[in-house]
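# Examination of the molecular architecture
The primary structure of each chain is shown beneath.
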Amino acid sequence: MFRRQFLAAAVAASFAATFTMPAMATQYLKTDLLIVGGGLSGLAAAQSAVDQGVKPIVLEKEAAIGGGGNFPEGSLGVGTRYQKEHGIKTTVDQVLTAALQYHHYRADPHVLRVLIEESGKTIDWVMDKGAEMRGIRTMYPPEESLMTWHLFKGGAAGIIQRFAKEIRAKGGKILTETPAKKLLTENGKVVGVEAVDAEGEKVIIHAKKVILATGGFESNKEMLAQYVNDSSALGMFEPVWYRGPVTDGKNGDGRTGDGIRMAQMVGAGVKGMHAIAGNAPYLPDLPPINQFIGDDYLKQGRCALAQPWLWVDQHGNRFFNESRGSVFVDVYNAMTTAGGVMYNIFDQAKFDQMVNKGALLPFNAIVHAGVPLKELPKTWEVGMQRGWAFKADTIEDLAAQIGVPAENLKASMEKVNKFAKAGKDPEFGRNPEHLATFDMKKGPYYALKGIRAFFLTLGGVTVNPKFEALNPQGDVIANLYVTGQDIGGLYDSSYDLRCEGSASSFAMTSGRVAADNAIKAIKAKK
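Residues numbered from 1 in each chain as written. Predicted model: local features only at pLDDT ≥ 70, side-chain atom pairs only at ≥ 80, totals over all residues. Heavy atoms only, no water.

Glancing now at the environment of L43. Within the secondary structure, L43 is located in helix α2 (residues 40–51). Between the alpha carbons of L43 and R512 there is a distance of 8.8 Å; along the sequence they are 469 residues apart. Beyond its immediate stretch of four places on either side in the chain, L43 contacts G37, G38, V58, I65, I160, F163, I167 and I174. (Helix = DSSP H or I, 4+ residues; strand = E, 2+ residues; numbered from the N terminus. Contact = heavy atoms within 4.5 Å.)

Encoded structure:
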């Protein structure tokens, strides 16, 4: 027995000698400027830094750069060269006033002013770096629009790639698969970051200034449940779906609130954590982002869903002015009031009109009005299988399929017929040219189900106009800057579509300006 124990111990010792895991090494790096997050805001900060001869380090937790910054079609700009060339005279004061009124003055006017004042310079800056413009678009009627939404050829994804290429060429470092874990502090000042690389090794980076640009907390279910009540409020028939990029086959990405939580750990205050950038209506088809960048039958289905026919809630009653179907924030807010779900009802004549003549309302800059929706038959084929497209020979059968009282649906259709014949909608004010009668006697009848989605969280760390992080008492947390969707206090309850393109604009502008301020402080040895 003793001999067997001795042999077992010898074998175990030999195995340990052969297969001992090496101790995890710790890397130590040093830089003037450290940027946490390789999205639109973080790369704008890094680009601004290399423009001034500073060689920053950028930490990106994902394998690819850009994150949600790859998806914007364009950005807000005020006073741009493009606007001046096309006779658009929108002013900073106009846009600031519109934003503050939209948010009931529950937004930081000083930070907003900087973001709006500097937005034109940001647009001109990216144009100077090779971005090309494909025009200014709007979701609003001409008399309501501020004409600020500058659309880029190739979208913001092209800007991301241009930034990354120049950052690397000028000596900046972008470390992917290297998530930051916590801020390092000494004597109450931020002095760097502790991160982990792709191999699981600890990386300690000492920096004179740190910029947090991690994109908010869209993919953090716990933080969403804690702060955002739109989804879980009583009376909601459907939750809010996340219209985000797909990562590793999942609907979501690396925006899990890392920057906000790290800032809170060193004493930062937060504001507006309840607010999200709602976007509706969307088909309840996973992942929702495919209606934005996927197959035409999904894009056209999303476009058809927002057309000004007849929108009813779960009870079969109208709840909104359907002529504003392309103003996705208004739709989101109205649907939230109505229980989080809607159905767009139309008959064969309206279906044929969309297929042969096109939509009356555009879907962003993705599906334009007047372009025939030739893929709509496939939309129905797929949607009926997946449970969000419906077709019936009678109104009663359609009501049963979508789960609304038949008498309410029929009454809503008859009411619209009455308005169409009178040429006026006294209930919600739908445009006269959008009023069309239903054939009440002959089917088929169609319906599409719509749910709410969101694409950004809008709350985060409190900052001053230099984008320095503040504690709840309003004191600066030394050496720490916060940008993009990690900033709080810019929105009241929802995204501001009056200032079209603001989220991506604020991301780039806050990154650029924060880097400028950080570098000035470094040079001044502050």
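To continue, consider the side chain of R452. Along the chain, the position of R452 falls in strand β18 (residues 445–457). Buried charge without a partner: R452 forms no salt bridge, and the closest opposite charge is D230, 4.8 Å away. For R452, the side chain forms a polar contact with the main-chain oxygen of D230, separated by 3.4 Å. A distance of 3.0 Å separates polar atoms of two side chains, one belonging to R452 and the other to T336. (Buried < 20%, exposed > 50% of the residue type's maximum accessible area, 1.4 Å probe, protein only. Lys, Arg positive; Asp, Glu negative; His and termini not counted. Salt bridge = Lys/Arg side-chain N within 4 Å of Asp/Glu carboxyl O. Polar contact = N/O pair within 3.5 Å; in protein donor to acceptor, adjacent residues only side chain to side chain.)

This part is about the pattern of salt bridges. Scanning the entire structure with this criterion turns up 26 salt bridges. The salt bridge partner of E144 is R324, with a shortest N-O separation of 3.3 Å. You can see E144 sitting in the loop between β4 (133–137) and β5 (149–152) and its partner R324 sitting in the loop between β15 (310–312) and α11 (328–337), a full 180 residues away along the chain. On the accessibility criterion, R324 (22% relative accessible area) is partly exposed. For the salt bridge of E427 with K415, the shortest nitrogen-to-oxygen distance reads 3.1 Å. In this pair, E427 sits in the loop between α15 (406–422) and β18 while K415 sits in helix α15, placing the two residues twelve residues apart along the sequence. Overall, E427 belongs to the partly exposed group, its relative accessible area being 33%. Within the structure, one salt-bridge network assembled from shared partners comprises R318, E322, K415, D425, E427 and R430.

Let's shift gears to the nonpolar core. If you look at the biggest cluster of nonpolar residues, it comprises 143 residues, and the most contacted ones within it are V210 and Y495. Examining the composition of this core, we find that nine residues originate from one element, helix α16 (residues 502–523), more than from any other. With residues near it in sequence (within four places) discarded, V210 still touches L34, V36, L183, V190, G192, V193, N479, L480 and Y481. V312, V341, I345 and A447 belong to the second-largest nonpolar core, a separate cluster that totals 18 residues. (Core = buried A, V, L, I, M, F, W, Y, C linked by side-chain atoms within 4.5 Å.)

Right, let's get into the packing of helix α4 (residues 92–102) against helix α5 (residues 109–128). Their axes nearest at 10 Å, the elements α4 and α5 cross at an angle of 140°. In terms of orientation, α4 and α5 fall into the oblique class. For the pair α4 and α5, the crossing hand works out as right-handed. Here V92, D93, V95, L96 and L100 of α4 come into contact with α5, specifically with P109, L112, R113, I116 and E117. Looking at the contact of α4 with α5, its residues break down into seven nonpolar, no polar and three charged. (Axes fitted to C-alpha atoms, helices over the stretch in contact; angles between N-to-C directions. Parallel < 35°, antiparallel > 145°, perpendicular 65-115°, else oblique. Left-handed = near helix turned anticlockwise from the far one by under 90°. Nonpolar A, V, L, I, M, F, W, Y, C, P; charged D, E, K, R; others polar.)

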